[in-house]
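Analysis of the macromolecular model
Residue strings, one per chain:
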Amino acid sequence: MRGGGCATGVCGTPGTRLLPDCRRLGKGAPGEEFGFMRDIDLFQQALGLPAPWCVERSVFDPVKRRLDLYLDFARGATFCCPECGRGGCKAYDTTDRTWRHLNFFQHEAHLHARTPRVECERCGVKAVEVPWARAGSGFTLLFEAIVLMLVKEMPVAAAARLLGENDTRLWRIIHHYVEEARARVDVRAVRRIGVDETASKRGHHYISLFVDMETPRLLFGTEGRDAATVAAFRADFERRGGDGGQIEEFCLDMSPAFLRGIEDSFPAAGVTFDKFHVMKLLNEAVDQVRRQEQRQRPELKGSRYVWMKNPENLTQKQLALLDGLEVPRLNLKTARAYRMRLTFQEFWMLHDDFAEAFLKRWYFWATHSRLEPMIRVARTIRTHWAGVLNWFRTRITNGVLEGINSLLQAARAKARGYRSTRNFIAMAYLIAGKLDLKPLPT
Ligand SMILES: [Zn+2]
(Lines give C-alpha, C1' and ligand atoms only; values in the text may rest on other atoms or scores of the structure.)
Protein backbone atom coordinates (compact mmCIF):
# COMPACT_ATOMS: atom_id res chain seq x y z
CA MET A 1 0.00 0.00 0.00
CA ARG A 2 2.73 2.41 0.93
CA GLY A 3 5.32 3.50 -1.59
CA GLY A 4 9.08 3.24 -1.24
CA GLY A 5 9.00 -0.53 -1.05
CA CYS A 6 12.72 -0.99 -1.27
CA ALA A 7 13.31 1.41 1.64
CA THR A 8 11.86 -1.28 3.89
CA GLY A 9 14.44 -3.69 2.58
CA VAL A 10 11.77 -5.89 1.02
CA CYS A 11 12.84 -5.64 -2.57
CA GLY A 12 16.48 -6.10 -1.66
CA THR A 13 17.94 -3.35 -3.74
CA PRO A 14 21.68 -4.08 -3.79
CA GLY A 15 23.98 -1.76 -1.96
CA THR A 16 21.68 -0.98 0.97
CA ARG A 17 22.65 -1.86 4.51
CA LEU A 18 20.58 -1.90 7.65
CA LEU A 19 22.96 0.28 9.63
CA PRO A 20 24.96 2.21 7.10
CA ASP A 21 27.88 4.06 8.57
CA CYS A 22 26.86 7.41 7.21
CA ARG A 23 27.18 9.28 10.47
CA ARG A 24 30.17 11.10 9.05
CA LEU A 25 28.53 13.01 6.27
CA GLY A 26 30.68 15.96 7.04
CA LYS A 27 28.15 18.01 9.02
CA GLY A 28 28.74 19.30 12.51
CA ALA A 29 27.46 17.58 15.59
CA PRO A 30 26.11 20.23 18.00
CA GLY A 31 24.70 17.62 20.35
CA GLU A 32 28.14 16.19 21.03
CA GLU A 33 28.67 18.22 24.21
CA PHE A 34 25.64 16.47 25.73
CA GLY A 35 27.10 13.09 25.03
CA PHE A 36 24.39 12.04 22.61
CA MET A 37 26.68 11.28 19.70
CA ARG A 38 27.32 7.85 21.12
CA ASP A 39 23.60 7.13 21.03
CA ILE A 40 23.03 7.56 17.32
CA ASP A 41 23.01 3.81 16.86
CA LEU A 42 20.48 3.51 19.65
CA PHE A 43 18.18 6.06 18.02
CA GLN A 44 18.73 4.30 14.73
CA GLN A 45 17.47 1.05 16.20
CA ALA A 46 14.71 2.63 18.25
CA LEU A 47 13.32 4.30 15.17
CA GLY A 48 13.58 1.06 13.26
CA LEU A 49 14.95 2.92 10.29
CA PRO A 50 15.33 0.77 7.22
CA ALA A 51 18.15 1.36 4.79
CA PRO A 52 19.18 3.59 3.22
CA TRP A 53 17.97 5.85 6.03
CA CYS A 54 20.13 6.47 9.07
CA VAL A 55 20.39 8.86 11.98
CA GLU A 56 23.05 11.28 11.01
CA ARG A 57 23.21 13.42 14.15
CA SER A 58 21.17 14.39 17.17
CA VAL A 59 20.75 17.68 18.97
CA PHE A 60 19.53 17.68 22.52
CA ASP A 61 18.48 20.93 24.16
CA PRO A 62 17.64 20.43 27.84
CA VAL A 63 16.51 24.06 28.22
CA LYS A 64 13.98 23.88 25.41
CA ARG A 65 13.28 20.27 26.38
CA ARG A 66 13.74 19.22 22.84
CA LEU A 67 15.45 16.44 20.95
CA ASP A 68 16.10 16.86 17.26
CA LEU A 69 17.16 13.86 15.22
CA TYR A 70 18.60 14.49 11.80
CA LEU A 71 18.11 11.63 9.39
CA ASP A 72 19.78 11.18 6.08
CA PHE A 73 20.63 8.65 3.44
CA ALA A 74 24.10 7.78 2.24
CA ARG A 75 25.47 9.48 -0.81
CA GLY A 76 24.70 7.43 -3.89
CA ALA A 77 21.84 5.54 -2.18
CA THR A 78 19.05 4.37 -4.42
CA PHE A 79 15.30 4.11 -3.91
CA CYS A 80 12.39 2.33 -5.48
CA CYS A 81 10.14 4.29 -7.77
CA PRO A 82 6.96 5.01 -5.75
CA GLU A 83 4.92 4.57 -8.91
CA CYS A 84 6.14 1.36 -10.56
CA GLY A 85 8.34 -0.08 -7.81
CA ARG A 86 11.43 -0.28 -9.96
CA GLY A 87 14.56 -0.26 -7.77
CA GLY A 88 17.83 1.52 -8.22
CA CYS A 89 16.45 5.03 -8.73
CA LYS A 90 18.86 7.79 -7.76
CA ALA A 91 17.81 10.93 -5.90
CA TYR A 92 16.93 13.71 -8.29
CA ASP A 93 16.52 16.49 -5.75
CA THR A 94 15.51 16.79 -2.09
CA THR A 95 13.22 18.85 0.16
CA ASP A 96 13.92 19.49 3.85
CA ARG A 97 11.08 18.36 6.09
CA THR A 98 10.30 17.98 9.78
CA TRP A 99 8.04 15.57 11.69
CA ARG A 100 6.93 15.55 15.27
CA HIS A 101 7.80 12.21 16.84
CA LEU A 102 6.92 10.58 20.15
CA ASN A 103 8.28 12.42 23.14
CA PHE A 104 11.66 11.31 24.40
CA PHE A 105 10.68 11.25 28.07
CA GLN A 106 9.51 14.81 28.74
CA HIS A 107 11.32 16.16 25.69
CA GLU A 108 9.59 16.83 22.42
CA ALA A 109 11.26 14.86 19.67
CA HIS A 110 11.41 16.01 16.08
CA LEU A 111 12.79 14.24 13.06
CA HIS A 112 14.40 16.14 10.22
CA ALA A 113 15.32 14.80 6.83
CA ARG A 114 15.83 15.82 3.27
CA THR A 115 13.27 13.76 1.37
CA PRO A 116 14.20 12.85 -2.15
CA ARG A 117 12.41 12.84 -5.44
CA VAL A 118 13.76 10.10 -7.64
CA GLU A 119 14.10 9.89 -11.35
CA CYS A 120 12.56 6.72 -12.76
CA GLU A 121 13.27 5.81 -16.37
CA ARG A 122 9.65 4.90 -16.91
CA CYS A 123 7.70 7.28 -14.65
CA GLY A 124 9.82 10.38 -14.54
CA VAL A 125 10.52 12.37 -11.37
CA LYS A 126 8.52 11.13 -8.34
CA ALA A 127 8.54 11.99 -4.63
CA VAL A 128 9.61 9.08 -2.42
CA GLU A 129 7.56 8.34 0.70
CA VAL A 130 9.57 8.06 3.87
CA PRO A 131 9.05 4.93 5.95
CA TRP A 132 8.35 6.77 9.23
CA ALA A 133 5.51 9.03 8.09
CA ARG A 134 2.68 9.11 5.60
CA ALA A 135 2.76 11.58 2.76
CA GLY A 136 1.75 15.09 3.71
CA SER A 137 1.75 14.54 7.49
CA GLY A 138 3.87 16.55 9.90
CA PHE A 139 3.86 13.64 12.36
CA THR A 140 5.56 10.29 12.39
CA LEU A 141 3.43 7.17 12.17
CA LEU A 142 4.24 6.28 15.76
CA PHE A 143 3.10 9.69 16.94
CA GLU A 144 -0.13 9.28 14.99
CA ALA A 145 -0.61 5.82 16.48
CA ILE A 146 -0.38 7.33 19.97
CA VAL A 147 -2.87 10.05 19.00
CA LEU A 148 -5.37 7.46 17.80
CA MET A 149 -4.91 5.46 20.96
CA LEU A 150 -5.39 8.49 23.21
CA VAL A 151 -8.46 9.90 21.51
CA LYS A 152 -10.32 6.65 22.05
CA GLU A 153 -9.87 7.20 25.78
CA MET A 154 -10.12 10.97 26.19
CA PRO A 155 -11.42 14.08 24.46
CA VAL A 156 -9.24 15.33 21.63
CA ALA A 157 -8.62 18.62 23.43
CA ALA A 158 -7.29 16.68 26.43
CA ALA A 159 -5.04 14.56 24.21
CA ALA A 160 -3.79 17.75 22.57
CA ARG A 161 -2.91 19.25 25.95
CA LEU A 162 -1.15 16.06 26.99
CA LEU A 163 0.93 15.98 23.82
CA GLY A 164 1.52 19.73 23.66
CA GLU A 165 -0.11 19.91 20.25
CA ASN A 166 -2.79 21.99 18.62
CA ASP A 167 -6.05 20.03 18.62
CA THR A 168 -6.81 21.09 15.03
CA ARG A 169 -3.73 19.14 13.95
CA LEU A 170 -4.89 16.10 15.91
CA TRP A 171 -8.32 16.29 14.28
CA ARG A 172 -6.60 16.27 10.91
CA ILE A 173 -4.94 12.97 11.86
CA ILE A 174 -8.26 11.53 13.05
CA HIS A 175 -10.10 12.54 9.89
CA HIS A 176 -7.40 10.99 7.75
CA TYR A 177 -7.42 7.59 9.45
CA VAL A 178 -11.17 7.44 9.85
CA GLU A 179 -11.70 8.10 6.16
CA GLU A 180 -8.98 5.66 5.18
CA ALA A 181 -10.44 2.94 7.40
CA ARG A 182 -13.97 3.62 6.16
CA ALA A 183 -12.75 3.17 2.60
CA ARG A 184 -11.78 -0.39 3.54
CA VAL A 185 -15.10 -1.31 5.19
CA ASP A 186 -16.71 -4.23 3.42
CA VAL A 187 -20.46 -3.62 3.15
CA ARG A 188 -21.37 -6.50 0.87
CA ALA A 189 -22.98 -8.56 3.66
CA VAL A 190 -25.10 -5.70 5.05
CA ARG A 191 -28.85 -6.42 4.89
CA ARG A 192 -30.46 -4.64 7.85
CA ILE A 193 -30.11 -1.01 8.77
CA GLY A 194 -31.22 0.85 11.88
CA VAL A 195 -31.71 4.60 11.51
CA ASP A 196 -31.92 7.15 14.27
CA GLU A 197 -30.89 10.67 15.05
CA THR A 198 -28.65 12.03 17.77
CA ALA A 199 -28.12 15.58 18.99
CA SER A 200 -24.87 17.06 17.72
CA LYS A 201 -25.05 20.39 19.53
CA ARG A 202 -27.21 22.23 21.97
CA GLY A 203 -30.50 23.29 20.43
CA HIS A 204 -31.93 21.67 17.35
CA HIS A 205 -28.85 20.26 15.69
CA TYR A 206 -28.91 16.61 14.78
CA ILE A 207 -26.98 14.02 12.88
CA SER A 208 -28.56 10.89 11.42
CA LEU A 209 -26.96 7.55 12.17
CA PHE A 210 -27.19 4.52 9.89
CA VAL A 211 -26.16 1.34 11.67
CA ASP A 212 -25.49 -2.12 10.30
CA MET A 213 -27.62 -4.16 12.70
CA GLU A 214 -25.77 -7.46 12.35
CA THR A 215 -22.26 -6.37 13.29
CA PRO A 216 -23.41 -3.88 14.82
CA ARG A 217 -21.46 -0.85 13.70
CA LEU A 218 -22.04 2.70 12.53
CA LEU A 219 -21.89 2.72 8.74
CA PHE A 220 -22.77 6.31 8.05
CA GLY A 221 -23.40 9.53 9.92
CA THR A 222 -24.49 12.78 8.34
CA GLU A 223 -25.80 16.17 9.33
CA GLY A 224 -29.57 16.65 9.52
CA ARG A 225 -32.47 14.28 10.06
CA ASP A 226 -34.58 14.50 6.96
CA ALA A 227 -35.32 12.37 3.92
CA ALA A 228 -32.19 13.70 2.19
CA THR A 229 -29.98 11.94 4.76
CA VAL A 230 -31.30 8.59 3.52
CA ALA A 231 -30.38 9.49 -0.05
CA ALA A 232 -26.91 10.50 1.21
CA PHE A 233 -26.61 7.14 2.97
CA ARG A 234 -27.43 5.28 -0.23
CA ALA A 235 -24.83 7.29 -2.18
CA ASP A 236 -22.18 6.61 0.48
CA PHE A 237 -23.13 2.93 0.65
CA GLU A 238 -22.71 2.53 -3.09
CA ARG A 239 -19.40 4.41 -3.06
CA ARG A 240 -18.19 1.66 -0.72
CA GLY A 241 -19.13 -1.06 -3.16
CA GLY A 242 -22.59 -1.78 -1.74
CA ASP A 243 -25.76 -1.98 -3.76
CA GLY A 244 -28.87 -0.17 -2.49
CA GLY A 245 -30.95 -3.15 -3.56
CA GLN A 246 -29.20 -5.46 -1.09
CA ILE A 247 -30.74 -3.68 1.93
CA GLU A 248 -33.74 -5.76 2.94
CA GLU A 249 -34.91 -4.14 6.16
CA PHE A 250 -34.86 -0.82 7.93
CA CYS A 251 -35.69 -0.24 11.57
CA LEU A 252 -36.70 3.29 12.56
CA ASP A 253 -39.03 5.30 14.68
CA MET A 254 -42.36 6.51 13.34
CA SER A 255 -41.10 9.96 12.32
CA PRO A 256 -42.12 10.73 8.75
CA ALA A 257 -38.81 12.12 7.43
CA PHE A 258 -36.78 8.90 7.48
CA LEU A 259 -39.76 6.94 6.25
CA ARG A 260 -40.17 9.17 3.21
CA GLY A 261 -36.44 8.93 2.55
CA ILE A 262 -36.54 5.13 2.67
CA GLU A 263 -39.53 4.98 0.34
CA ASP A 264 -37.64 7.20 -2.12
CA SER A 265 -34.14 5.74 -1.88
CA PHE A 266 -34.80 2.11 -0.91
CA PRO A 267 -38.23 1.36 -2.38
CA ALA A 268 -37.78 -2.41 -2.12
CA ALA A 269 -36.75 -2.47 1.56
CA GLY A 270 -39.10 -3.51 4.36
CA VAL A 271 -39.72 -1.22 7.31
CA THR A 272 -40.05 -2.18 10.97
CA PHE A 273 -40.97 0.46 13.50
CA ASP A 274 -38.87 0.33 16.61
CA LYS A 275 -40.98 -1.12 19.41
CA PHE A 276 -39.17 0.97 22.03
CA HIS A 277 -40.23 4.07 20.16
CA VAL A 278 -43.84 2.86 19.99
CA MET A 279 -43.78 2.31 23.76
CA LYS A 280 -42.20 5.72 24.27
CA LEU A 281 -45.08 7.37 22.40
CA LEU A 282 -47.55 5.46 24.60
CA ASN A 283 -45.71 6.56 27.73
CA GLU A 284 -45.80 10.16 26.60
CA ALA A 285 -49.51 9.90 25.88
CA VAL A 286 -50.17 8.52 29.37
CA ASP A 287 -48.20 11.44 30.78
CA GLN A 288 -50.23 13.92 28.77
CA VAL A 289 -53.45 12.40 30.12
CA ARG A 290 -52.05 12.74 33.64
CA ARG A 291 -51.05 16.35 33.13
CA GLN A 292 -54.49 17.26 31.85
CA GLU A 293 -56.20 15.39 34.64
CA GLN A 294 -54.09 16.80 37.42
CA ARG A 295 -55.77 20.18 36.92
CA GLN A 296 -58.89 18.62 38.44
CA ARG A 297 -57.00 16.13 40.61
CA PRO A 298 -54.02 17.81 42.22
CA GLU A 299 -53.23 14.58 44.11
CA LEU A 300 -51.76 13.32 40.79
CA LYS A 301 -48.90 15.79 41.08
CA GLY A 302 -45.63 14.02 41.67
CA SER A 303 -46.92 10.69 40.33
CA ARG A 304 -45.39 11.07 36.88
CA TYR A 305 -42.87 8.26 37.20
CA VAL A 306 -45.38 5.86 38.71
CA TRP A 307 -47.17 5.72 35.35
CA MET A 308 -43.96 5.29 33.38
CA LYS A 309 -43.10 2.02 35.03
CA ASN A 310 -44.59 -1.43 35.08
CA PRO A 311 -46.29 -2.27 38.40
CA GLU A 312 -43.70 -4.92 39.26
CA ASN A 313 -40.92 -2.32 39.01
CA LEU A 314 -42.45 0.24 41.35
CA THR A 315 -40.59 1.14 44.52
CA GLN A 316 -42.24 0.85 47.94
CA LYS A 317 -42.66 4.61 47.97
CA GLN A 318 -44.29 4.63 44.55
CA LEU A 319 -46.63 1.77 45.54
CA ALA A 320 -47.69 3.77 48.59
CA LEU A 321 -48.30 6.77 46.35
CA LEU A 322 -50.46 4.65 44.06
CA ASP A 323 -52.44 3.33 47.05
CA GLY A 324 -52.96 6.89 48.21
CA LEU A 325 -54.51 7.76 44.85
CA GLU A 326 -57.24 5.18 45.44
CA VAL A 327 -57.21 4.38 41.77
CA PRO A 328 -60.26 2.06 41.54
CA ARG A 329 -62.61 4.34 43.42
CA LEU A 330 -61.65 7.50 41.65
CA ASN A 331 -61.59 5.81 38.24
CA LEU A 332 -58.79 8.06 37.13
CA LYS A 333 -58.38 8.76 33.43
CA THR A 334 -54.65 8.43 33.97
CA ALA A 335 -55.16 4.92 35.32
CA ARG A 336 -57.22 3.98 32.26
CA ALA A 337 -54.53 5.32 29.94
CA TYR A 338 -51.94 3.42 31.97
CA ARG A 339 -53.89 0.16 31.56
CA MET A 340 -53.98 0.76 27.83
CA ARG A 341 -50.23 1.14 27.82
CA LEU A 342 -49.73 -2.03 29.93
CA THR A 343 -52.01 -3.99 27.62
CA PHE A 344 -50.07 -2.82 24.60
CA GLN A 345 -46.96 -4.21 26.22
CA GLU A 346 -48.48 -7.69 26.02
CA PHE A 347 -48.80 -7.22 22.27
CA TRP A 348 -45.07 -7.81 21.80
CA MET A 349 -45.23 -11.17 23.58
CA LEU A 350 -47.99 -12.61 21.43
CA HIS A 351 -47.59 -15.35 18.91
CA ASP A 352 -47.55 -13.63 15.53
CA ASP A 353 -50.78 -15.39 14.49
CA PHE A 354 -52.69 -13.27 17.02
CA ALA A 355 -50.84 -10.00 16.69
CA GLU A 356 -52.99 -8.25 14.14
CA ALA A 357 -56.31 -9.21 15.74
CA PHE A 358 -54.97 -7.96 19.07
CA LEU A 359 -53.81 -4.70 17.53
CA LYS A 360 -57.26 -4.14 15.98
CA ARG A 361 -58.98 -4.67 19.33
CA TRP A 362 -56.54 -2.39 21.09
CA TYR A 363 -57.04 0.27 18.42
CA PHE A 364 -60.81 0.10 18.90
CA TRP A 365 -60.42 0.39 22.69
CA ALA A 366 -58.04 3.35 22.48
CA THR A 367 -59.99 5.28 19.84
CA HIS A 368 -63.17 4.91 21.96
CA SER A 369 -61.49 5.91 25.20
CA ARG A 370 -62.33 9.63 24.92
CA LEU A 371 -58.73 10.22 26.02
CA GLU A 372 -57.37 12.53 23.35
CA PRO A 373 -53.64 11.69 23.71
CA MET A 374 -54.40 7.93 23.54
CA ILE A 375 -56.57 8.45 20.46
CA ARG A 376 -53.72 10.32 18.79
CA VAL A 377 -51.22 7.53 19.45
CA ALA A 378 -53.71 4.93 18.23
CA ARG A 379 -54.07 6.88 14.98
CA THR A 380 -50.30 7.13 14.59
CA ILE A 381 -50.13 3.36 14.96
CA ARG A 382 -52.97 2.98 12.44
CA THR A 383 -51.00 4.92 9.81
CA HIS A 384 -47.90 2.80 10.52
CA TRP A 385 -49.83 -0.46 10.81
CA ALA A 386 -47.73 -2.77 8.62
CA GLY A 387 -44.42 -1.48 10.01
CA VAL A 388 -45.59 -2.10 13.59
CA LEU A 389 -46.69 -5.63 12.73
CA ASN A 390 -43.46 -6.24 10.80
CA TRP A 391 -41.71 -6.65 14.12
CA PHE A 392 -43.23 -10.13 14.35
CA ARG A 393 -41.47 -11.05 11.13
CA THR A 394 -38.10 -9.29 11.54
CA ARG A 395 -37.76 -9.03 15.36
CA ILE A 396 -35.51 -6.00 14.91
CA THR A 397 -35.42 -3.04 17.27
CA ASN A 398 -33.21 0.00 17.54
CA GLY A 399 -31.86 -1.05 20.92
CA VAL A 400 -28.35 -1.08 19.44
CA LEU A 401 -28.77 2.52 18.31
CA GLU A 402 -29.87 3.52 21.79
CA GLY A 403 -26.59 2.11 23.07
CA ILE A 404 -24.51 3.87 20.43
CA ASN A 405 -26.43 7.05 21.07
CA SER A 406 -25.62 7.09 24.75
CA LEU A 407 -21.91 6.41 24.07
CA LEU A 408 -21.81 9.33 21.64
CA GLN A 409 -23.62 11.66 24.01
CA ALA A 410 -21.29 10.68 26.85
CA ALA A 411 -18.27 11.47 24.66
CA ARG A 412 -19.84 14.75 23.59
CA ALA A 413 -20.45 15.74 27.19
CA LYS A 414 -16.90 14.81 28.17
CA ALA A 415 -15.51 16.85 25.26
CA ARG A 416 -17.89 19.70 26.14
CA GLY A 417 -19.06 19.67 22.56
CA TYR A 418 -17.23 19.58 19.27
CA ARG A 419 -16.11 22.50 17.22
CA SER A 420 -17.78 21.12 14.13
CA THR A 421 -20.33 18.52 13.13
CA ARG A 422 -17.63 16.93 11.00
CA ASN A 423 -15.55 16.36 14.13
CA PHE A 424 -18.53 14.88 15.94
CA ILE A 425 -19.19 12.47 13.08
CA ALA A 426 -15.51 11.42 12.96
CA MET A 427 -15.68 10.74 16.70
CA ALA A 428 -18.87 8.72 16.14
CA TYR A 429 -17.04 6.54 13.62
CA LEU A 430 -14.15 6.09 16.07
CA ILE A 431 -16.50 5.06 18.86
CA ALA A 432 -19.08 3.01 16.96
CA GLY A 433 -17.67 2.30 13.50
CA LYS A 434 -15.62 -0.78 14.46
CA LEU A 435 -13.01 0.62 12.13
CA ASP A 436 -9.68 -1.03 11.53
CA LEU A 437 -7.36 1.97 11.89
CA LYS A 438 -3.90 1.35 10.51
CA PRO A 439 -1.49 4.02 11.61
CA LEU A 440 1.56 1.82 11.18
CA PRO A 441 2.95 0.34 7.98
CA THR A 442 2.07 -3.30 7.56
ZN1 LIG B 1 8.67 4.12 -12.00
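Refer to the structure presented above.
From a predicted model like this one, the values you see are computed outputs, not experimental measurements. (Residues numbered from 1 in each chain as written. Predicted model: local features only at pLDDT ≥ 70, side-chain atom pairs only at ≥ 80, totals over all residues. Heavy atoms only, no water.)

Considering the pairing of strand β5 (residues 107-120)
Two faces belong to every sheet, and in a regular strand the side chains alternate between them. What counts, and what does not: Each residue is placed in one exposure class: buried if its accessible area under a 1.4 Å probe, protein chains only, is under 20% of its type's maximum, exposed if it is over 50%, and partly exposed if it falls in between. Helix and strand labels come from DSSP, where a helix needs a run of H or I of at least four residues and a strand needs a run of E of at least two; each type is numbered from the N terminus. Two strands are counted as paired when DSSP detects at least two bridges linking them.
Summarising burial for β5: 10 of the 14 residues are buried, a large majority. In this sheet, β5 lies alongside strand β2 (residues 66-73) in parallel orientation, the contact comprising 6 bridges. Bridge assignment links Arg 66 to a residue of β5, and that residue is Glu 108. In the sheet, strand β4 (residues 89-104) pairs with β5 via 11 bridges, with the strands oriented antiparallel. Looking at β5, one finds that Arg 97 is bridged to Ala 113. Here β4 folds back onto β5 in antiparallel fashion, the turn holding 2 residues, of which Phe 105 has a positive phi close to 50°. As defined by bridge partners, β5 adjoins strand β6 (residues 124-127) across 4 bridges and the pair is classed as antiparallel. Looking at the pairing, Arg 117 lines up with Ala 127 of β6.

Let's talk about the pairing of strand β9 (residues 217-223)
The element β9 is extensively covered by neighbouring structure, given that 6 of its 7 residues are classed as buried. One ladder, built from 6 bridges, connects strand β8 (residues 205-212) with β9; its direction is antiparallel. Pairing of Phe 210 across the sheet is with Phe 220, part of β9. The turn linking β8 back onto β9 is made up of 4 residues.

Thoughts on the coordination of the zinc ion
Rule in force here: A 2.8 Å cut-off from the metal defines N, O and S donors, relaxed to 3.2 Å for Na, K and Ca; water is not in the atom list, so some sites may appear incomplete. Under the classification used here, a metal with four donors is tetrahedral if each angle lies between 85 and 135 degrees, square planar if opposite donors are over 155 degrees apart and the others between 65 and 115, a six-donor metal meeting that same test is octahedral, and anything else is irregular.
Protein-derived ligands of the zinc ion are Cys 81 (SG), Cys 84 (SG), Cys 120 (SG) and Cys 123 (SG), with the metal-ligand distances lying across 2.2 to 2.4 Å. Considering all 4 donor atoms around the zinc ion, angles at the metal cover 107 to 111° and the coordination shape is tetrahedral.

Things to note about the side chain of Thr 115
Which entries qualify depends on this criterion: Note on contacts: a residue pair is in contact if any heavy atoms of the two residues lie within 4.5 Å.
Following the sequence through the fold, Thr 115 ends up in strand β5. Apart from the residues within four sequence positions on either side, Thr 115 is in contact with Trp 53, Asp 93, Thr 94, Thr 95, Arg 97, Trp 99 and Val 130.

With respect to empty space enclosed by the protein
Here is the rule we go by: Cavities and pockets are found on a 1 Å grid laid over the protein atoms alone: a cavity is a set of points where a 1.4 Å probe fits but cannot escape, a pocket is an open set with protein on both sides within 12 Å along at least five of seven lines, and a lining residue has an atom within 4 Å of such a point. Grid points are joined across faces, edges and corners, and a volume is the space filled by probe spheres set on the points. Each residue gets one label: Ala, Val, Leu, Ile, Met, Phe, Trp, Tyr, Cys and Pro are nonpolar, Asp, Glu, Lys and Arg are charged, and the others, such as Gly, are polar.
Tallied over the entire structure, the rule returns 1 cavity of 30 Å³ or more. Lining of the largest cavity is provided by Arg 182, Val 185, Leu 218, Leu 219, Arg 240, Tyr 429, Gly 433 and Leu 435. When the residues that make up the lining of the largest cavity are grouped by side-chain class, the tally is 5 nonpolar, 1 polar and 2 charged.

A short note on the packing of helix α11 (residues 352-367) against helix α12 (residues 372-383)
Between two packed helices, the angle of one axis relative to the other and the distance separating the axes together describe the packing. So the rule is basically this: Note on method: axes are straight lines fitted to C-alpha atoms, helices fitted across the in-contact stretch only, with angles between N-to-C directions ranging 0 to 180 degrees. Two helices that cross are described as forming a left-handed crossing if the nearer one is turned anticlockwise from the farther one by less than a right angle, and a right-handed crossing if clockwise.
Viewed as axis vectors pointing N to C, α11 and α12 meet at an angle of 145°, and their least axial separation amounts to 8 Å. At the point where α11 passes α12, the crossing takes the left-handed sense. In this structure, α11 contributes Leu 359, Trp 362, Tyr 363, Ala 366 and Thr 367 to the contact, and α12 contributes Met 374, Ile 375, Ala 378, Arg 379, Ile 381 and Arg 382. When the residues that make up the contact of α11 with α12 are grouped by side-chain class, the tally is 8 nonpolar, 1 polar and 2 charged.

Structural notes on the nonpolar core
Rules: Here, the term nonpolar core denotes a set of buried Ala, Val, Leu, Ile, Met, Phe, Trp, Tyr and Cys residues that are joined through side-chain atoms within 4.5 Å.
Counting 95 residues, the largest nonpolar core has Phe 250, Phe 344 and Phe 347 as its most contacted members. With 8 residues, the single largest contributor to this core is helix α16 (residues 421-432). Counting residues in hydrophobic clusters, the runner-up holds 25 residues, among them Leu 67, Leu 71, Ala 77 and Trp 132.

A few points about the packing of helix α15 (residues 399-414) against α16
Condition: Angular relationships are summarised with four words: roughly parallel below 35 degrees, roughly antiparallel beyond 145, roughly perpendicular across 65 to 115, and oblique for the angles in between.
It is the contact of α15 with α16, at a shortest axis distance of 10 Å, that shows an interaxial angle of 125°. Compared by their axis directions, α15 and α16 come out oblique. Where α15 crosses over α16, the two elements pack in a sense that is right-handed. Here Ile 404, Leu 407, Leu 408, Gln 409, Ala 411 and Arg 412 of α15 lie close against α16, whose contacting residues are Phe 424, Ala 428, Ile 431 and Ala 432.

Brief notes about unusual backbone geometry
The omega torsion across Ala 51 and Pro 52 is 5°, close enough to zero to call that bond cis. For Pro 52, the position within the fold is in the loop between α1 (40-47) and β1 (53-61). The peptide bond linking Thr 215 to Pro 216 adopts the cis configuration, its omega dihedral lying at -25°. The residue Pro 216 is located in the loop between β8 and β9 in this model. The phi torsion at Arg 370 lies on the positive side, around 60°, for a residue other than glycine. Its place among the elements puts Arg 370 in the loop between α11 and α12. Exposure remark for Arg 370: the relative accessible area of 72% places this residue in the exposed category.

Remarks on the side chain of His 384
Definition in use: The term polar contact refers here to a pair of N or O atoms within 3.5 Å; inside protein, the definition further demands a hydrogen-donor-capable atom paired with an acceptor-capable atom, and it admits residues adjacent in sequence only when both atoms are side-chain atoms.
With respect to the element layout, His 384 can be found in the loop between α12 and α13 (385-389). Within polar-contact distance, the side chain of His 384 engages the backbone oxygen of Thr 380 at 2.6 Å. Polar contacts involving the side chain of His 384 include one to the side chain of Thr 383, which spans 3.1 Å. Every residue in contact with His 384, bar those within four places of it in the chain, is listed here: Met 254, Leu 259 and Phe 273.

Notes on the environment of Lys 280
Relative to the helices and strands, Lys 280 is located in helix α7 (residues 275-293). Lys 280 sits 61 residues away from Arg 341 along the chain, and the two C-alpha atoms are 9.9 Å apart.

Observations regarding the pattern of salt bridges
Let me state the cut-off plainly: Basic side-chain nitrogens of Lys or Arg form a salt bridge, by our definition, when they fall within 4 Å of a carboxyl oxygen of Asp or Glu.
Applying the stated criterion across every chain, the model contains 26 salt bridges. The partner of Asp 93 in a salt bridge is Arg 117, and the shortest N-O contact between them spans 2.8 Å. Taken as a pair, Asp 93 in strand β4 and Arg 117 in strand β5 lie far apart in primary sequence, 24 residues in all. What you see here is one network of salt bridges that share partners, running through Glu 179, Arg 182, Asp 236, Arg 239 and Arg 240.

Quick word on helix α3 (residues 156-163)
Taken residue by residue, α3 has Val 156, Ala 158, Ala 159, Ala 160 and Leu 163 as its buried positions. In the core, the buried residues of α3 are packed alongside β4, α2 (141-153), α4 (167-183) and α16. Note on α3: the residue one or two positions beyond its end, Gly 164, has a positive phi of about 65°.

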